[in-house]
Amino acid sequence: MPSHVRRVLWLHTDVLVLADVGDILDTPLQGAPAAAVEDCRRPSLIQRINASHPLVGGVLPPGACGFDPGVLVIDIAQWAFLDMSARVEYWQALNLRAEPLFAHDDAHAALLLALLPVYARLPPVWAIVGPGSRGSAMLA
């Protein structure tokens, strides 16, 4: 990656872009490694993640909302500084070795567990969930 690139915009394949997304890259992240829109409408994290697991208790407060992983702004320097890739890999490996933390087909659970305590909230306008199929989003 070129050294002048400081942020990356991740868009899931089901995101429909309706406007210039340049402004989203300038969103203040206050030191967070990534930013996403908080999403309380999807199945609750308690339904997706085994909150009774002792390692999850401190990360997942009761009633916690997740975030929409379809639109992520990633600060490359902070991601590397906080070793977020290792955090995601930790949760994934733990899920495969021990009592399951989440369903093996849940593609975003490890990312949610790694980022939940440290992600910045994007304004809701950056992800409008539901105009198409379940889980779709569009940038307006």
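Predicted model only: the values in this text are computed from it and were never measured.

(A) Structural context of the pattern of salt bridges. Enumeration over the complete set of coordinates arrives at three salt bridges. Between Arg6 and Asp26 there is a salt bridge, with the nearest N and O atoms lying 3.7 Å from each other. Of this pair, Arg6 sits in the segment before strand S1 (7-11) while Asp26 sits in the loop between strand S2 (15-17) and strand S3 (34-39), placing them 20 residues apart in sequence. One exposure class covers both Arg6 and Asp26, and it is exposed.

(B) Expanded view of the state of the cysteines. For the structure shown, the criterion picks out one disulfide. Here Cys40 engages in a disulfide with Cys65; their sulfurs sit 1.7 Å apart. As the torsion about the S-S bond is roughly 105°, the Cys40-Cys65 disulfide counts as right-handed. Note that Cys40 is positioned in the loop between S3 and helix H1 (45-48) and Cys65 in the loop between H1 and strand S4 (66-75), a separation of 25 residues in sequence.

About the criteria used
- Residues numbered from 1 in each chain as written.
- Predicted model: local features only at pLDDT ≥ 70, side-chain atom pairs only at ≥ 80, totals over all residues.
- Heavy atoms only, no water.
- Salt bridge = Lys/Arg side-chain N within 4 Å of Asp/Glu carboxyl O.
- Helix = DSSP H or I, 4+ residues; strand = E, 2+ residues; numbered from the N terminus.
- Buried < 20%, exposed > 50% of the residue type's maximum accessible area, 1.4 Å probe, protein only.
- Disulfide = S-S within 2.5 Å.

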